[in-house]
Amino acid sequence: MSENDVVRGRRAALVVIDVQESFRHMPFWSEADLPAFREALLRLDAGCRKRGVPVVHIFHVGQAGPFTEASGYVRALDWLPGSPDVCFFKHTHNAFSDTGLDLWLRRRGIERLIIAGIRTEQCCETTTRVGSDIGYEVDFVSEATLTFPMTHPVSGRSYSPAEIKEHAELVLAGRFARIVSVDDCLAALGEGHA
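Not measured: the values here are computed from a predicted model.

## Focus: unusual backbone geometry
Next, step 1: A cis amide bond links I118 to the next residue, R119, at an omega of -15°.
Next, step 2: Counting through the fold element by element, R119 comes out in the loop between strand 4 (112–118) and helix 4 (120–133).
Next, step 3: Here D18, not a glycine, exhibits a phi torsion of approximately 55°, which is positive.
Next, step 4: We classify D18 as buried; its relative accessible area is 1%.
Next, step 5: Despite not being glycine, D98 shows a phi value in the positive range, around 60°.
Next, step 6: If you trace the backbone, D98 turns up in the loop between strand 3 (86–90) and helix 3 (101–107).
Next, step 7: Since its relative accessible area comes to 80%, D98 is described here as exposed.

Right under this line is the structure:
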C-alpha cells in the first residue's frame, strides 16, 4: 500500500490561514513571491473544491494595527475565492486555540489537514505542529504558503523567504507533517473525496 493510498482513506480539509488584507499594510509586505503563491493556492483551492474537500478560512485578529477588526483589513485578499465551508477568527499563532476549529473538524470526521496560507514559519507552521499534536495527519503545502525576508535579531543575518520555507520543511517533515507540492497533495486526494 502506497502513502497516497493511506492518504486517500482519510477525510481531509483545506485550512487556509491568514490570507488577509492586514498583511498588505505591514512594513515587511513584499509582492516578490506573491504571484507564485497565489497561483499555487488557487490551484490547491480549486482542486480541493472539485474533490469535495471542505475549505476553511482562518483570519488573525490582533490588538493593534492592521490586524484589529476596527482596521477593516481582517478580510480575505481580493483574489482569494469566497464561500468557504466555514470561517474562524483566531487571536493566537495557531488556528485551534479558542476558535472552535477542532470541534468543527471532528464533528465532520476530518482526520487530515491540508495547510496553506501566510506566514509559512509563523501561523502555518504553528497550526501544523498543534494539529499534529492533537491527532491530525497534516499535509504542509509549502508552495501554497507565503512569507517574507527576516533578519536574525542577534547575528543580523538576513534570511530569504526560500530559506525560511526550507527550514520550516526541515523541522516539520516526518515529525509533524508530510511536505507536499500542490500536485502531490491533489493526487493523493484522488478524483473523488468522501
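Next, the rest of the story.
## Quick notes on the packing of helix 2 (residues 34–50) against helix 6 (residues 182–189)
Next, step 1: Here helix 2 crosses helix 6 at 5°, and the two axes come no closer than 10 Å. It follows from the interaxial angle that helix 2 and helix 6 lie roughly parallel. On helix 6, the residues that touch A40, R43, L44, G47 and C48 of helix 2 are V182, D183, C185, L186 and L189.
Next, step 2: Looking at side-chain class alone, the contact of helix 2 with helix 6 contains 7 nonpolar, 1 polar and 2 charged residues.

## Thoughts on the environment of T151
Next, step 1: Along the chain, the position of T151 falls in strand 6 (residues 150–151).
Next, step 2: Aside from chain neighbours lying at most four places away, what touches T151 is G156, R157 and S158.
Next, step 3: A distance of 3.4 Å separates a polar atom in the side chain of T151 from a polar atom in the side chain of S158.

## Quick word on the environment of Y136
Next, step 1: By the secondary structure assignment, Y136 is in the loop between helix 4 and strand 5 (137–146).
Next, step 2: Residue class for Y136 comes out buried when judged on its relative accessible area of 4%.
Next, step 3: Residues Y136 and H93 lie 43 residues apart in sequence; the distance between their C-alpha atoms is 18 Å.
Next, step 4: Excluding its chain neighbours within four sequence positions, the residues that come into contact with Y136 are F96, D102, L105, R106, I110, E111, L113 and G131.

## A short note on the UniProt feature "domain: Isochorismatase-like" (unreviewed entry) in the protein chain
Next, step 1: The feature "domain: Isochorismatase-like" (unreviewed entry), as given by UniProt, occupies residues 12–149 in the numbering adopted here.
Next, step 2: Secondary structure across residues 12–149 comprises 28% helix and 25% strand; the distance between its end C-alpha atoms is 31 Å.

## Thoughts on the side chain of R178
Next, step 1: Of note, R178 is situated in strand 8 (residues 178–179).
Next, step 2: The exposure class of R178 is buried, given its relative accessible area of 15%.
Next, step 3: Among the polar contacts made by the side chain of R178, one reaches the side chain of D139 at a distance of 2.7 Å.

## Observations concerning the packing of aromatic side chains
Next, step 1: The tally for this structure, following the rule as stated, stands at 8 aromatic pairs.
Next, step 2: A centroid spacing of 5.2 Å and a plane angle of 45° characterise the contact between F28 and F148, whose relative ring orientation is tilted. Highlighted residues: F28 in the loop between strand 1 (12–17) and helix 2 and F148 in the loop between strand 5 and strand 6, separated in sequence by 120 residues.
Next, step 3: Among the residues examined, F28 registers a relative accessible area of 26% and is labelled partly exposed.
Next, step 4: Residue F148 is classed as buried on the basis of its relative accessible area, which comes to 1%.

## A word on the nonpolar core
Next, step 1: Counting 29 residues, the largest nonpolar core has L14, L44 and I114 as its most contacted members.
Next, step 2: Every element with two or more residues in this core is listed here: strand 1, helix 2, strand 4, strand 5 and helix 6.
Next, step 3: Broken down by element, this core gets its largest block of residues, 6 residues, from helix 2.
Next, step 4: Excluding residues that lie within four positions of it along the chain, L44 makes contacts with L14, I114, A116, V141, A144, V182, C185 and L186.
Next, step 5: Membership of the second largest hydrophobic core comes to 24 residues, among which are A13, F88, L101 and I110.

So, how was this worked out
Residues numbered from 1 in each chain as written. Predicted model: local features only at pLDDT ≥ 70, side-chain atom pairs only at ≥ 80, totals over all residues. Heavy atoms only, no water. Helix = DSSP H or I, 4+ residues; strand = E, 2+ residues; numbered from the N terminus. Buried < 20%, exposed > 50% of the residue type's maximum accessible area, 1.4 Å probe, protein only. Axes fitted to C-alpha atoms, helices over the stretch in contact; angles between N-to-C directions. Parallel < 35°, antiparallel > 145°, perpendicular 65-115°, else oblique. Contact = heavy atoms within 4.5 Å. Nonpolar A, V, L, I, M, F, W, Y, C, P; charged D, E, K, R; others polar. Polar contact = N/O pair within 3.5 Å; in protein donor to acceptor, adjacent residues only side chain to side chain. UniProt positions renumbered as here; feature names shortened; annotations may be inferred. Phe/Tyr/Trp six-rings, centres within 6.5 Å; stacked < 30°, edge-to-face > 60°. Core = buried A, V, L, I, M, F, W, Y, C linked by side-chain atoms within 4.5 Å.

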